[in-house]
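# Summary of the model geometry
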Amino acid sequence: MESILFSLAAVVVIIPAIVGLSYFISSIREKEMRAAFFAGVQFLFMLGLVILLFYLEAAGFFKTGFGLAVLILGIILAFGLCVFLTKKIGSNPRALEGTEGLMVGSVQRNDERDIVFARNRTIRPGTKQYQTYYEMRPEYQQFDTARREKGGPLGHPGTIDKPKDRPNVAATMASLSIPLHLSTEEKFNPPAHPEFKGQRVELSPESATSRVKGFVLNVGANLVGITEINPLWIYSNRGEIFHENWEDWGRQIELNHKYAVVFATEMAFELVGTAPQTPTTIASMGNYAKGAFIGTQLAACIANLGYSATANHLRHYDAVLVPLAVDAGLGETGRLGYLMTKDYGSRVRLGAVTTNLPLIPDKPIDIGAEDFCRICKKCANCCPSNSIPLEDQKEVNGTLRWKLNAETCFDYWGKVGTDCNICMRVCPWSHATSLPHKLIRILIVRNRFSRRLFNLMDNIFYGKKPKPKPAPQWARYD
Ligand code: SF4
Ligand code: SF4
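Quick caveat, the model's predicted, so the values are computed rather than measured.

So, about the site of ligand 2. As a matter of local geometry, ligand 2 sits amid Arg335, Leu336, Met340, Phe372, Cys373, Cys376, Lys377, Lys378, Cys379, Cys427 and Pro428. Elements with a minimum of two residues in the shell around ligand 2: α13 (369-376) and α14 (378-382). The element best represented in the shell around ligand 2 is α13, accounting for three residues. Of the residues assigned to the shell around ligand 2, the class counts are eight nonpolar, no polar and three charged.

Quick look at the structure:
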């Protein structure tokens with residue numbers, strides 16, 4: 001009996017010691033030296049317990065009545081703690097309804113002309129569109145004019161790393177050219193290959209779903225889901241123009257597609273870790289390029305099957321992708337306004353293809369992000385432009401959400417000349433995908449006590465305001 005209890009106790013102390021060691025090693029690999037220090041302390045503490053346990057066993061301590069009682073108590077406490085932190089507690093039924101669960105009032109479709117990029121990148125003073133827009137929305141004119149006078153949008157003037165950033169800007173612009181190249185009508189809304197023109201392949205929804213998801217993952221996505229499109233997430237009017245097709249500006253967007261295939265690609269951890277320096281923008285634009293590459297291929301593949309499909313990527317959006325991704329079961333919306341996924345946190349970029357190919361939709365998921373974000377607030381505390389709310393969710397356009405202030409965020413982008421990404425870098429959910437972080441994610445998805453514990457530990461291991469990490473050698477600018 002005593003030997004069985006001793007073996008159990010040995011397992012109880014050896015497993016956390018192994019996890020601590022693995023955390024220590026992965027933190028060094030991730031260049032998280034503060035986390036490595038605390039993981040090292042944790043490992044040494046657990047190693048001390050292992051040595052003590054074996055020493056006491058060799059000394060015959062557990063053969064005494066008192067020793068046996070200590071052993072049993074230790075095992076009960078350890079298993080109690082294990083159950084306490086792993087049991088599924090604190091589920092959020094609202095999350096399982098997707099965006100519908102957050103609707104508390106009447107929702108109006110978004111007008112793409114109102115988004116900060118369309119106002120500052122697309123329309124130019126002296127044009128018909130400029131006049132039309134500010135007659136329609138006079139409240140933005142003074143604000144946007146002042147912003148233009150300050151030097152305009154992203155990358156102008158200068159960047160945070162100037163004057164040594166040139167190679168990173170070169171890489172960023174190279175990736176950015178891909179979505180632009182894939183944003184002509186025949187690319188985002190492709191016809192069938194001439195060989196297949198007029199032929200429709202009859203596939204069951206099960207088979208079509210399996211093929212579409214397999215194809216998307218095969219061409220480079222990390223996550224994929226399908227939703228029936230809620231028309232509220234389709235933009236009402238076109239606002240972004242990239243190929244001088246000005247007749248499209250302001251045109252009402254009518255979409256007859258029933259389904260959206262939404263996918264996410266993981267952004268490189270080591271590049272996002274440098275935010276807001278230029279390497280992080282290499283990651284953003286590289287992933288937008290991947291999104292265009294994946295989306296246009298899927299749209300072409302569906303067109304070859306005889307159905308209609310439209311790719312949504314950085315240079316052509318019919319829909320707002322975060323709510324579509326939530327409805328497609330890819331994650332929940334976080335405090336920072338981005339999609340939070342279980343495996344990568346917010347460290348992803350999204351793409352989508354809308355289609356009339358009959359598919360089987362996925363269900364929204366509850367990963368505990370709403371609860372975690374309510375306690376965490378790290379992104380809001382670290383945002384240099386105070387664009388992320390510290391308070392609880394509020395009703396915005398009929399939906400309960402944390403509303404990012406896109407105006408002040410965009411101004412900060414203009415100031416540093418990158419897309420910042422500090423909020424993404426500091427988010428506890430965006431850590432690397434090493435084994436210890438995977439274990440922690442499993443626990444915080446399941447258990448609300450774990451969310452509180454690991455939120456606290458994140459502040460200890462990484463700091464309340466984590467600093468940027470050095471770029472990988474190839475993207476250094478010093
Ligand atoms: S990208 Fe930067 S400025 Fe914008 S919300 Fe995130 S931290 Fe704030
Ligand atoms: S930093 Fe914290 S509050 Fe912000 S999105 Fe990430 S988990 Fe949520």
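From this point, the narrative continues.
To continue, consider the domain arrangement of the protein. Domain parsing of the protein yields domain 1 (2-86) and domain 2 (97-431). For domain 1 and domain 2, the distance between their C-alpha centres works out to 45 Å.

Bringing the site of ligand 1 into the picture now. Looking at ligand 1, the residues that line it are Cys383, Pro384, Ser385, Ile388, Leu404, Cys409, Tyr412, Trp413, Cys420, Asn421, Ile422 and Cys423. Only α15 (406-416) and α16 (422-426) provide two or more residues apiece to the shell around ligand 1. Its residues assigned to classes, the shell around ligand 1 shows 10 nonpolar, two polar and no charged.

We now examine the side chain of Asn168. Of note, Asn168 is situated in helix α7 (residues 166-181). Ignoring sequence-local partners within four residues, the contact set of Asn168 consists of Thr278, Pro279, Ile282, Ala475 and Tyr477.

By size, the foremost hydrophobic cluster in this structure holds 27 residues, and its most contacted members are Val262, Leu321, Leu324, Leu330 and Leu350. Elements represented by at least two residues in this core include exactly β2 (259-266), α11 (278-304), α12 (321-327) and β6 (348-355). The leading source of residues in this core is α12, at four residues. Ranked by size, the runner-up nonpolar core spans 26 residues in total, among them Ala35, Ala39, Leu336 and Tyr462.

Before going further, it helps to spend a moment on the packing of aromatic side chains. Scanning the model with the defined rule gives 15 aromatic pairs in all. Measuring from centroid to centroid gives 5.2 Å for Phe6 and Phe54, while their planes differ by 85°, and the two rings are edge-to-face. In this pair, Phe6 is assigned in helix α1 (residues 2-29) and Phe54 in helix α2 (residues 33-58), connecting sequence segments 48 residues apart. Cluster of aromatic residues (ring-pair linked, three or more members): Phe6, Phe54, Phe61, Phe62 and Phe66. When the ring centre of Tyr307 is taken as reference, the NZ or CZ atom of Arg200 above it lies at 4.0 Å.

Before going further, it helps to spend a moment on the sheet that holds β2. Spatially, β1-β2-β6-β3 is the arrangement adopted by the four strands of the open sheet, whose pairing is antiparallel. A single partner strand is all that each edge strand has here, and the edge strands are β1 (223-228) and β3 (309-312). Between one strand axis and the next, the sheet turns through 20° on average, direction left out of account. Where β1 lies against β2, six bridges are found, and the strand directions are antiparallel. Bridge assignment links Leu223 to a residue of β2, and that residue is Ala264. Packed on one face of the sheet, α11 meets β2, β3 and β6 and runs near 145° to β2.

In terms of residue burial, β6 counts as a mostly covered element, since eight of its eight residues are buried. Here β2 pairs with β6 via eight bridges, running antiparallel. Bridge pairing in β6 places Glu266 opposite Val348. Looking at chain direction, β3 and β6 are connected through four bridges and run antiparallel. Within the sheet, the bridge partner assigned to Ala311 lies in β6 and is Val353.

Quick look at unusual backbone geometry now. Going from Ala275 to Pro276, the amide bond is cis rather than trans, its omega being 15°. Counting through the fold element by element, Pro276 comes out in the loop between α10 (269-272) and α11. Its identity as a non-glycine residue notwithstanding, Glu244 has a phi of 60°, on the positive side. Mapped onto the secondary structure, Glu244 falls in the loop between β1 and β2. Residue Glu244 is classed as exposed on the basis of its relative accessible area of 60%.

Criteria and thresholds
- Residues numbered from 1 in each chain as written.
- Chains lettered and ligands numbered in written order.
- Predicted model: local features only at pLDDT ≥ 70, side-chain atom pairs only at ≥ 80, totals over all residues.
- Heavy atoms only, no water.
- Near = heavy atom within 4 Å.
- Helix = DSSP H or I, 4+ residues; strand = E, 2+ residues; numbered from the N terminus.
- Nonpolar A, V, L, I, M, F, W, Y, C, P; charged D, E, K, R; others polar.
- Domains from an automatic or database assignment.
- Contact = heavy atoms within 4.5 Å.
- Core = buried A, V, L, I, M, F, W, Y, C linked by side-chain atoms within 4.5 Å.
- Buried < 20%, exposed > 50% of the residue type's maximum accessible area, 1.4 Å probe, protein only.
- Phe/Tyr/Trp six-rings, centres within 6.5 Å; stacked < 30°, edge-to-face > 60°.
- Lys NZ or Arg CZ within 6 Å of the ring centre and 35° of its normal.
- Pairing = 2+ DSSP bridges.
- Axes fitted to C-alpha atoms, helices over the stretch in contact; angles between N-to-C directions.

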